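What the coordinates show
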Amino acid sequence: MQVHLVDGTFELFRAFYGNPSRRDAHGDEVNAAHGLVRSLLALLGERDVTHVAIAFDHVIESFRNELYPGYKTGEGIDPKLHSQFGLAEEACRALGVVVWPMIEFECDDALAAGAARFAGASGVERVVICSPDKDLAQCVIGEHVVCLDRLRRKTLDEQGVVTKFGVRPKSMPDWLALVGDSADGYPGIARWGEKSAGAVLARYEHLEAIPASVTDWDVEVRGAAALAAAFAAQRDEAFLYRRLATLRTDVPLVESLADLRWRGPDERALAALAD
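In this text, all values refer to a predicted model and were calculated from it rather than measured experimentally.

1. With respect to unusual backbone geometry
A positive phi is found at Arg191, a non-glycine position, where the angle reads about 80°. According to the relative accessible area criterion, Arg191 is exposed, its value standing at 65%. With a phi close to 70°, Glu205 is a non-glycine residue in the positive phi region. On the secondary structure map, Glu205 appears in the loop between α9 (194-204) and α10 (224-233). For Glu205, a relative accessible area of 31% corresponds to the partly exposed category.

The structure is reproduced here in C-alpha cells:
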C-alpha cells in the first residue's frame, strides 16, 4: 500500500489564487475551499490512493516564531483566504479524510512526523508527501519516501533531491540555513547561494563539519575565501536557521495506519456542507 500525506496549506493557497471567485449564499468567499475539495477528490479517485491524511496550518504562527522574530506570520494573508482555513478543514473531514490541524507546530512538521511514522509500518511500500515545498525534501528516503508535485506530476526521490539541490536529504536543513528561505522569513548567510551551498555540503554534509579555515577546505568552489569568512561571521545565525529549517518528527499524531484508510465521505456532513 501507499500512504499519501497532503500539504493542505499549500493546496488551499493554490486553489485561492488559481480559481475564480466563488461565494456562498451569505456572500462569503469559498473558492479556495471549493478548489481544494475538487483537488482532493481527484487524488482520492486515483487507483493506488488508499490511505490519506491532510495537514493544515490551523494558525500560521508556531514555536519557530519564539526562536526567531523574523519568522513568517499570518500578516499579509488575504482575509478572504484566511477565512477559509476552518471551512477547508471541515470539508476535508466531511470527505472522510484524516485532518491534522497544526497550532504549536507547522503543517510541514505534521507531514514529516507522519512520513517518519508510517514509512516503517508493515505493508507500506511507499509514503508520498504531496507537496512541492523544498523544506520537505529532507524527509525523502530512497524511493520509499518521496515528494510529489501534483500540479507538475513530478516525483522527487533521493536521487532527485541530489540532482536538484546538490545534497542528500539529510543535508537539506543545512542547505536551507546557508541559502535562506524567503517564504519562511530567514535570509541565509551572506554570499552563499544554491550552487555554493550544494558543493560545500556535498562534501561536508553538515554545518559543523565545514572547516573554519578556507585553507582546510578540500572542495573547489568559486569565492571560497569570501564564503568561509561569511560563514565564520554568521556561524551562530547559520545554526539558528538550520534549527528553523529542521522539521519536527515528534508531532503527537494520534491516528494509526488503519485510521488513514479512506472509506468514503461522511455523506450527511458532506451534503450539509454542500447546501
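2. Observations concerning the pairing of strand β1 (residues 2-7)
For β1, the tally of buried residues reaches 6 of 6 residues, placing the bulk of the element in the interior. Pairing geometry for β1 and strand β4 (residues 126-130), over 5 bridges, is parallel. The residue of β4 that forms the bridge with Gln2 is Arg126. Summarising the sheet, β1 and strand β2 (residues 51-57) pair through 5 bridges and their orientation is parallel.

3. Considering the sheet that holds strand β5 (residues 145-149)
With mixed pairing, 6 strands are arranged side by side in an open sheet as β3-β2-β1-β4-β5-β6. Edge strands, defined here as strands with exactly one partner in the open sheet, are β3 (98-102) and β6 (154-156). Adjacent strand axes in the sheet meet at a mean angle of 25°, parallel and antiparallel pairs treated alike. The sheet contact formed by β4 and β5 spans 4 bridges and is parallel.

4. Description of the nonpolar core
Leu5, Trp100, Trp175, Trp192 and Trp217 are the most contacted members of the largest nonpolar core, which has 64 residues in total. Dropping the residues within four chain positions of it, Trp192 is found in contact with Leu178, Val179, Ala197, Val200, Trp217, Leu227, Ala230 and Phe231. Core analysis: the next-biggest nonpolar cluster, separate from the first, contains 27 residues, Leu43, Leu44, Val49 and Val97 among them.

5. Comments concerning the pattern of salt bridges
What the rule picks out here adds up to 15 salt bridges. Between Arg153 and Glu46 there is a salt bridge; the shortest N-O distance is 3.7 Å. Of this pair, Arg153 sits in the loop between β5 and β6 while Glu46 sits in the loop between α2 (31-44) and β2, and the two are 107 residues apart along the sequence. Salt-bridge contacts for Lys134 lead to Asp181; the nearest nitrogen and oxygen are separated by 3.9 Å. With Lys134 in the loop between β4 and β5 and Asp181 in the loop between α8 (172-179) and α9, the pair connects residues that are 47 residues apart, well separated along the chain. Taking relative accessible area as the criterion, Asp181 reaches 4% and is therefore assigned buried.

6. Focus: the packing of aromatic side chains
As enumerated under the stated definition, the model contains 8 aromatic pairs in all. Here Phe165 and Trp175 contribute two aromatic rings whose centre-to-centre distance is 5.1 Å and whose plane-to-plane angle is 70°, an arrangement assigned as edge-to-face. Taken as a pair, Phe165 in helix α7 (residues 158-165) and Trp175 in helix α8 lie far apart in primary sequence, 10 residues in all. Taking relative accessible area as the criterion, Phe165 reaches 8% and is therefore assigned buried. With centroids separated by 6.3 Å and ring planes inclined at 50°, the aromatic side chains of Trp192 and Trp217 adopt a geometry described as tilted. With a gap of 25 residues between them, Trp192 in the loop between α8 and α9 and Trp217 in the loop between α9 and α10 connect regions that are remote in the sequence. Of the residues examined, Trp192 reaches a relative accessible area of 6% and is grouped as buried. Taken together, Tyr68, Tyr186 and Tyr241 form an aromatic cluster joined through their ring pairs.

7. Regarding helix α5 (residues 85-94)
Looking at α5, one finds that the buried residues are Phe85, Ala88, Glu89, Ala91, Cys92 and Ala94. Where α5 ends, the next residue or the one after it, Gly96, has phi of about 90°, a positive value.

The rules behind the values
- Residues numbered from 1 in each chain as written.
- Predicted model: local features only at pLDDT ≥ 70, side-chain atom pairs only at ≥ 80, totals over all residues.
- Heavy atoms only, no water.
- Buried < 20%, exposed > 50% of the residue type's maximum accessible area, 1.4 Å probe, protein only.
- Helix = DSSP H or I, 4+ residues; strand = E, 2+ residues; numbered from the N terminus.
- Pairing = 2+ DSSP bridges.
- Axes fitted to C-alpha atoms, helices over the stretch in contact; angles between N-to-C directions.
- Core = buried A, V, L, I, M, F, W, Y, C linked by side-chain atoms within 4.5 Å.
- Contact = heavy atoms within 4.5 Å.
- Salt bridge = Lys/Arg side-chain N within 4 Å of Asp/Glu carboxyl O.
- Phe/Tyr/Trp six-rings, centres within 6.5 Å; stacked < 30°, edge-to-face > 60°.

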